[in-house]
Amino acid sequence: MDLKKILPENGPPINEVNKYIEKYKNDLIVIKYGGNVLIDRNIFDNFITDLSILNKLGLSVIVVHGGGPRIKRELDKSNIQSKFIRGLRVTDEKIINIVESVLIDFNNDIVSSLDKKNTEAVSIHTKKDNIIEVVPEAKELGFVGLPNKINNDILLNIIQQNKIPIISPLGLDKNNQTHNINGDTAAMAVAKSVKSRRLLLMTNVDGVLNKEKKLIDEISSSEILEMVKDETITEGMIPKISACLDAVNNGVTAAGIINGTKQHSCLWEIFSDKGSGTLIRK
């Protein structure tokens, strides 16, 4: 395999890439790509390129995507105001239909963009090969679900064919009713279920920052909990941290929070000694 032809010029060094291909070749990597990161088409295209490279290098990757900004845009068009409780969108029947439609459209966009890079991907959502069974999270939230069970067989079958599963954060309850799922929660549930080696949450910040606002390269779960307690970590980072901690305490080797707006951050995180964000271990 000629890595020079596959890797971007501003990607990680080839000697390190070789080492990490060997390290990850029998493992699974779950990547959550946040909707906030995917608004800009150039950043989206960069992510598609990275996914295609990972696939061509023989790594087994599962993608869970978000879609918050796209959902907001569609709701605004219909003059629907969203109410949030604990950061989760209250979802009634009208809203869940819009959410489902937006997320499935976005899912298809990712799959067709990969297809243009000669990389095969497979859509997974509530209308096709649903793999996530949910229970309602809380009555006041409406159709918001918590993953209860993941169908690993569908995922592993896709991966064995060297294709990339692209999962929308949607699930069905016991009555086949569609529920919206927080994207980080969906990715964490998938990572735990398949016991992936890595869970990567790609967002629009560099990772976990200390009190001096400097990036922390690697941290243990006990150190992270201290930072939450003393309010070094606050607000939007807390759900991401919770998802990472849940994953590493349930069979995932390590979880990373990285900046998906930076070029090839995904490749740098997986294929270099220094990584590109914060790595959280048990």
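Higher on the page you've got the structure.
Being a predicted model, the structure only gives us computed values, none of them experimental.

This part covers the pairing of strand β5 (residues 121-124). Burial of the side chains of β5 extends over both faces: Ala121 and Ser123 are buried on one face and Val122 and Ile124 on the other. Note that β5 and strand β8 (residues 164-167) share four bridges and pair parallel. Bridged to Ser123 within β8 is Ile166.

Quick look at helix α7 (residues 183-194) now. Relative to the 16 Å expected for 12 residues at 1.5 Å per residue, α7 spans 17 Å between its end C-alpha atoms, a close match to the ideal helical length. Taken residue by residue, α7 has Gly183, Asp184, Thr185, Ala186, Ala187, Met188, Ala189, Val190, Ala191 and Val194 as its buried positions. Here α7 starts with a cap whose side-chain oxygen sits 3.0 Å from the backbone nitrogen of Asp184, and that cap is Asn182. Lys195 lies just past α7 and shows a positive phi near 50°.

Considering the arrangement of structural elements, one finds Ser123 in strand β5. Of the polar contacts made by the side chain of Ser123, one reaches the side chain of Asn107; its length is 2.7 Å. The residues touching Ser123, leaving out its near neighbours within four places in the chain, are Asn107, Asn108, Val111, Lys128, Asp129 and Ile166.

Moving on to the nonpolar core. In this structure, Val30, Leu155, Ile167, Leu199 and Ile241 are the most contacted members of the largest nonpolar core, which totals 41 residues. Sequence-distant contacts of Leu155, defined by excluding residues within four places in its chain, comprise Ile62, Ile124, Ile131, Ile150, Pro165, Ile167, Val190 and Val194.

About the criteria used
Residues numbered from 1 in each chain as written. Predicted model: local features only at pLDDT ≥ 70, side-chain atom pairs only at ≥ 80, totals over all residues. Heavy atoms only, no water. Buried < 20%, exposed > 50% of the residue type's maximum accessible area, 1.4 Å probe, protein only. Helix = DSSP H or I, 4+ residues; strand = E, 2+ residues; numbered from the N terminus. Pairing = 2+ DSSP bridges. Expected span 1.5 Å × (residues − 1). Polar contact = N/O pair within 3.5 Å; in protein donor to acceptor, adjacent residues only side chain to side chain. Contact = heavy atoms within 4.5 Å. Core = buried A, V, L, I, M, F, W, Y, C linked by side-chain atoms within 4.5 Å.

By themselves, these are just geometric observations and shouldn't be taken as functional.
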